[in-house]
Amino acid sequence: MSDLQRHPDEHTSGRDATHPGSSVIPPREVPLGGPRAMTVRRTLPARGRTMIGAYCFVDHYGPDDVAATGGMVVPPHPHTALQTVSWLFSGEVEHRDSTGVVARVVPGELNLMTAGRGVCHSEVSVTTPGAERILHGVQLWTALPLDAVDVAPTFEHHEPEPVVLDGARVRVFLGELRLPGGRRTSSPVRTFTPLLGAEVRMEPGAELTLDLDPGFEHGLLLDRGTLSVNGGCMLPVSHLLHEAPGPTSMTLAAGEDGADLILLGGPPFGEEVVMWWNFIGRTHEDVVAAREQWQSELGHDPDGRFGSFDYPGGESLPAPTLPPVRLRPRA
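Residues numbered from 1 in each chain as written. Predicted model: local features only at pLDDT ≥ 70, side-chain atom pairs only at ≥ 80, totals over all residues. Heavy atoms only, no water.

Peer 1: Please explain the nonpolar core as it appears in this structure.
Peer 2: One recurring pattern in soluble globular proteins is that nonpolar side chains are buried together. In this structure, Cys56, Leu110, Leu140, Phe173, Leu174, Ile262 and Ile280 are the most contacted members of the largest nonpolar core, which totals 41 residues. Residues contacting Leu140, with those up to four places away along its chain left out, are Tyr55, Phe57, Val58, Gln83, Thr84, Val85, Phe173 and Leu264. Val24, Leu196, Phe216 and Leu235 belong to the second-largest nonpolar core, a separate cluster that totals 30 residues. (Core = buried A, V, L, I, M, F, W, Y, C linked by side-chain atoms within 4.5 Å. Buried < 20%, exposed > 50% of the residue type's maximum accessible area, 1.4 Å probe, protein only. Contact = heavy atoms within 4.5 Å.)

What follows is the structure in structure tokens.
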């Protein structure tokens, strides 16, 4: 996914009085893509909270009837020094990239693309007869640490088995999660820093206590329903709860309609990054160089930094104009 908000400091995270290390980040609506942009709800990056672990970007979208709206149409666009994490609740998206992959993103299955030194890809809603019409999901980015920013681009697919608990179903798509009773469930997908990513679906009135790694900070994005966290915070739909490192457990209680949520986590990233449009670098110059390279290629040079692939229609997304100021690193 593309079109990183270039002014992410337009709202303030709210502190949660029930815990000094918690804050709730409200979403803001952002157009995604090119001329046929769809609207997404973005909670990262935000003022006062650029990252949760290595997660630097959280978009939440739908439910959207793609037969009526056209859904997601994001032509070829570039990425550097990050991983894209695609997770759907419903619908289908076709992914194409310059590593040669053509794949479907479908509910309950992870598609993870590592950009490394440079890649380009497209994402388009599947609207053929028989496809699910309602598009609904999340798109996440994770920043690569400095020692991995120049790795070769790759693509991975994983179908996590659901773990059935008392009143809940959990799918871990990144990292490892400790479950009640001492059980653990994990994903084999490669990440370059320790990470946690999981979908949790809770039945009406269910309560679930999860063991946390105290060295991780965590995020909870509520997709649907009503949810109480640790007996206090009532998390609104599409809002992101940030929990600082320290706690060893988290108790979730669903309301009368149940609750569906995404759980994220990782140790504080510990490096400054420069994020602009679809690029992550360490300096202003990194981003300028990536933009200039993309503008010279626009996804049409198979031997270039970003490569190329067959995209119906042939058009690519040009990079916007850089702001007339030096891009600042974010911790």
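Peer 1: Explain the packing of aromatic side chains here, please?
Peer 2: What describes a pair of aromatic rings is the distance from one ring centre to the other and the angle between the planes of the rings. What the rule picks out here adds up to 7 aromatic pairs. Taken together, a centroid distance of 6.4 Å and an interplanar angle of 50 degrees make the contact between Trp276 and Trp277 tilted. In this structure, Trp276 and Trp277 share a single accessibility class: buried. Between the aromatic rings of Trp294 and Phe306, the centroid separation amounts to 5.7 Å while the plane-to-plane angle is 90 degrees, which identifies the pairing as edge-to-face. Placement of the pair is Trp294 in helix 2 (residues 284-297) and Phe306 in the segment after helix 2, with a sequence separation of 12 residues. (Phe/Tyr/Trp six-rings, centres within 6.5 Å; stacked < 30°, edge-to-face > 60°. Helix = DSSP H or I, 4+ residues; strand = E, 2+ residues; numbered from the N terminus.)

Peer 1: How should the sheet that holds strand 8 (residues 93-97) be read in this particular structure?
Peer 2: What links the strands of a sheet is backbone hydrogen bonding, and the strands pair in either a parallel or an antiparallel sense. Across the sheet, 4 strands lie side by side as 6-11-8-9; this open sheet has antiparallel pairing. Here the strands that pair on one side only, and so sit at the sheet edges, are strand 6 (73-79) and strand 9 (102-105). On average, each strand axis in the sheet is tilted by 20 degrees relative to the strand beside it, whichever way the strands run. Pairing of strand 6 with strand 11 (residues 119-125) involves 5 bridges; the strand directions are antiparallel. Bridging from a neighbouring strand, His77 pairs with His121 of strand 11. (Pairing = 2+ DSSP bridges. Axes fitted to C-alpha atoms, helices over the stretch in contact; angles between N-to-C directions.)

Peer 1: I tried to follow the pairing of strand 10 (residues 110-114) on my own but got confused; where do I start?
Peer 2: Across a regular strand the side chains alternate sides, sitting on one face of the sheet and then on the other. Across the 5 residues that make up strand 10, a large majority, 5, are buried. Of the two faces of strand 10, both are covered, the one formed by Leu110, Leu112 and Thr114 as well as the one formed by Asn111 and Met113. Both strand 10 and strand 13 (residues 154-158) contribute to a ladder of 5 bridges, which runs antiparallel. When the sheet's bridge partners are listed, Met113 is paired in strand 13 with Phe155.

Peer 1: Looking at this structure, how should I read the layout of surface pockets?
Peer 2: Its boundaries defined by the atoms lining it, the second largest pocket holds a volume of some 160 Å³. Forming the boundary of the second largest pocket are 15 residues, of which Ala81, Ile280, Gly281, Asp286 and Arg305 lie nearest the centre. Residue assignment for the lining of the second largest pocket shows that the elements contributing at least two residues are strand 25 (279-281) and helix 2. Residues of the lining of the second largest pocket, tallied by class, amount to 7 nonpolar, 3 polar and 5 charged. (1 Å grid on protein atoms, 1.4 Å probe; cavity = no way out; pocket = protein on both sides within 12 Å on 5 of 7 lines; lining within 4 Å. Points joined across faces, edges and corners; volume = space filled by probe spheres on them. Nonpolar A, V, L, I, M, F, W, Y, C, P; charged D, E, K, R; others polar.)

Peer 1: What's the story with the pattern of salt bridges in this structure? I'm lost.
Peer 2: Working definition: two side chains of opposite charge can pair if their charged atoms are close together. Throughout the structure, instances matching the rule amount to 12 salt bridges. With its nearest N and O atoms 2.8 Å apart, the salt bridge here joins Glu285 to Arg326. Here Glu285 is found in helix 2, whereas its partner Arg326 is found in the segment after helix 2, with 41 residues between them in sequence. By relative accessible area, which is 42% here, Glu285 ends up partly exposed. For Arg326, a relative accessible area of 52% translates into the label exposed. (Salt bridge = Lys/Arg side-chain N within 4 Å of Asp/Glu carboxyl O.)

Peer 1: Just to check I follow, could you spell out the sheet that holds strand 4 (residues 38-44) for this structure?
Peer 2: Spatial ordering of the open sheet is given by 3-4-5-12-7-10-13, a layout of 7 strands whose pairing is antiparallel. Edge positions in the sheet fall to strand 3 (28-32) and strand 13, since each of these pairs with one other strand and no more. Strand-to-strand twist of the sheet, defined as the mean angle between neighbouring strand axes without regard to direction, takes the value 25 degrees. Of the pairings in the sheet, the one linking strand 7 (residues 82-90) to strand 10 comprises 4 bridges and is antiparallel in character.

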